[in-house]
Amino acid sequence: MQSFDFYNPVHIVFGQGRIADLATLVPANARVLVLYGGGSIKKNGTYDEVLAALKGHTVFEFAGIEPNPRYETLLKAVAQVKAEKIDFLLAVGGGSVVDGTKFVAAAAQYDGDAWDILTSGGAVVNSALPLGAVLTLPATGSEMNQGAVVTREATKTKLPFHTAKVFPKFAVLDPTKTYSLPPRQVANGAVDAFVHVVEQYLTYPTDAPVQDRFAESLLQTLIEVGPKALATPHDYQVRANLMWAATMALNGLIGAGVPQDWATHLVGHELTALYELDHAQTLAIVLPAMLQIRRADKRAKLVQYAERVWGIRDGSEDERIDAAIAKTREFFEAMGVKTTLSDYGLGTEAVDAVVSQLEAHGMTTLGEKQDVTPAVSRRVLEAAL
Ligand code: NZQ
Ligand code: ZN
């Protein structure tokens, strides 16, 4: 196992009806800005519950944070924060709203050009406004981590940043608030969480059985509950387990002390920025091809993944690896998320475009061994056609 720091101060408030707890979770004297997306929270009752819980507070609103939140939009929220002297942010929605709110929290207290926050990967952030989250879409883990991803529309640049300053103070997770998700977003969430685990697990062995077995349990849980969430959308236990699995997949626990990959995500971000594909769609396209092209480096873990996650024990090592990659693809397809570029109407032009964006953004040494060069990314994308 590698040496590590593990720090996660997020207070998780989990269960049906827990939005009412906002009354005491949000500081009594705060000037609160409630940030949300395109209106799903108004249709499913979340908005009403949030405002009812905050009726003793001073509340302002910022609506319209897009999926894959836009830098340009978030700057408007920063202006409102300054104008209204806001001192607490409450994100209500999916990962995009939580990520966008983290950016607003940091940008509101940053003196220079806010774009520095993203180009520095978060290194320039010295302080941020406190924030809380009410999550309505289990997927990103943003509710319990220190990362966020923001897209600049003008240059089609999608960049992540990380800093402990933007850990939410609390996250309210009410599984019933996910009942209204369209099947596409349920599927996206399960696939995203699955790939988060894979990015931290499927690298090379470092004698870390705690991390490995936690990761395997999350993968098995997602394989089990993902299809059930589509089949029986109002099953509370299924939604609760999906929600907790997605949070645990990216809250730092399984990634502590082990190598991490993230090449699939970083290639995927370019596909979203260029072609507006959903985040999880890009992962479903890239991951099976990534595992195929890098199978020699990932061999030991691929064999372990085949056996422990999929129960594949027969055949040569190569046959088991082939079967595990095929099972992974089948899982994504069974969730309704297509797994090739051509499924989304993209061809070789997309390969060239993504590779040149990776080069332009300095994404030239990706992966757990920093050996995923643009040439390797090209082979991966070609294998995903
Ligand atoms: O905008 P509204 O109207 O709220 O609708 C949203 C949006 O259209 C809708 N939705 C959310 N909750 C709903 C609902 N519809 C009905 N009922 C509900 N309960 O779902 C749509 C997608 O929402 P979005 O927040 O974009 O999805 P997701 O949670 O998948 O977030 C994706 C973003 O997170 C980033 C991605 O890159 C992408 O920008 N990620 C953030 C990470 C992090 N912070 O750690 C890690 C991830 O790898 C990922 O990169
Ligand atoms: Zn992701």
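Residues numbered from 1 in each chain as written. Chains lettered and ligands numbered in written order. Predicted model: local features only at pLDDT ≥ 70, side-chain atom pairs only at ≥ 80, totals over all residues. Heavy atoms only, no water.

Under an unreviewed UniProt entry, the name given to the protein chain is Iron-containing alcohol dehydrogenase, and the source organism is Jeongeupia naejangsanensis.

Student: An account of the UniProt feature "domain: Alcohol dehydrogenase iron-type/glycerol dehydrogenase GldA" (unreviewed entry) in the protein chain is requested, with residue identities and associated values reported.
Tutor: When the UniProt feature table is mapped onto this chain, "domain: Alcohol dehydrogenase iron-type/glycerol dehydrogenase GldA" (unreviewed entry) is found at residues 9-175. Across residues 9-175, the secondary structure splits into 29% helix and 25% strand, with the terminal C-alpha atoms separated by 22 Å. (UniProt positions renumbered as here; feature names shortened; annotations may be inferred. Helix = DSSP H or I, 4+ residues; strand = E, 2+ residues; numbered from the N terminus.)

Student: I'd like to hear about the site of ligand 1, residue by residue, with values.
Tutor: Taken together, 33 residues lie near ligand 1, and S40, S96, D99, K158 and H196 sit nearest. N68 is positioned such that a nitrogen or oxygen atom in its side chain is 3.0 Å from an oxygen atom of ligand 1. In the environment of ligand 1, an oxygen atom lies 2.7 Å from a nitrogen or oxygen atom belonging to the backbone of G95. Isolated, ligand 1 exposes 970 Å² of accessible area, and the fraction of that covered by the protein chains is 88%. Secondary-structure elements contributing two or more residues to the shell around ligand 1 are α5 (95-107), β6 (147-152), α7 (183-201) and α10 (263-275). Here the residues of the shell around ligand 1 sort into nine nonpolar, 20 polar and four charged. Formed jointly, the shell around ligand 1 draws a minimum of three residues from each of two domains, domain 1 (11-177) and domain 2 (183-383). (Near = heavy atom within 4 Å. Polar contact = N/O pair within 3.5 Å; in protein donor to acceptor, adjacent residues only side chain to side chain. Areas by Shrake-Rupley, 256 points an atom, 1.4 Å probe, with all protein chains shown as cover. Nonpolar A, V, L, I, M, F, W, Y, C, P; charged D, E, K, R; others polar. Domains from an automatic or database assignment.)

Student: How would you sum up the UniProt feature "domain: Fe-containing alcohol dehydrogenase-like C-terminal" (unreviewed entry) in the protein chain? Please name residues and give values.
Tutor: In the numbering used here, UniProt assigns the "domain: Fe-containing alcohol dehydrogenase-like C-terminal" (unreviewed entry) feature to residues 187-356. In residues 187-356, the share of helix is 70% and the share of strand is 0%. The end C-alpha atoms are 30 Å apart.

Student: Outline helix α11 (residues 279-293), supporting the account with residue identities and numerical values.
Tutor: The terminal C-alpha atoms of α11 lie 21 Å apart, and with 15 residues this matches the ideal 21 Å at 1.5 Å per residue to within 8%. For α11, the principal kink sits at V286 and spans about 30°; a proline, P288, occurs within the next four residues. Burial within α11 is extensive, with 13 of its 15 residues counted as buried. (Expected span 1.5 Å × (residues − 1). Bend = angle between axes of the 7 residues up to and from the residue. Buried < 20%, exposed > 50% of the residue type's maximum accessible area, 1.4 Å probe, protein only.)

Student: For a nonpolar patch on the surface, give the residues involved together with the corresponding values.
Tutor: A cluster of nonpolar side chains, M1, F4 and F6, forms an exposed patch at the surface whose accessible area comes to about 320 Å². As for its placement among the helices and strands, M1 is situated in the segment before β1 (11-14). Judged by its relative accessible area of 53%, M1 falls in the exposed class. (Patch = residues over 30% accessible without salt bridge, like charges linked within 9 Å, V, L, I, M, F, W, Y side chains within 5 Å. Salt bridge = Lys/Arg side-chain N within 4 Å of Asp/Glu carboxyl O.)

Student: Pulling in residues and values, what's your account of the coordination of the zinc ion (ligand 2)?
Tutor: The coordination sphere of the zinc ion (ligand 2) contains the protein donors D192 (OD), H196 (NE2), H265 (NE2) and H279 (NE2), at a distance range of 2.0 to 2.1 Å. In the primary sequence, the donor residues of the zinc ion (ligand 2) line up as D-x3-H-x68-H-x13-H. On the criterion of sequence distance, the pair formed by H265 in helix α10 and H279 in helix α11 is long-range, its members being 14 residues apart. Accessibility classification places H265 together with H279 in one group, the buried group. (Donors = N, O, S within 2.8 Å, 3.2 Å for Na, K, Ca; no water.)

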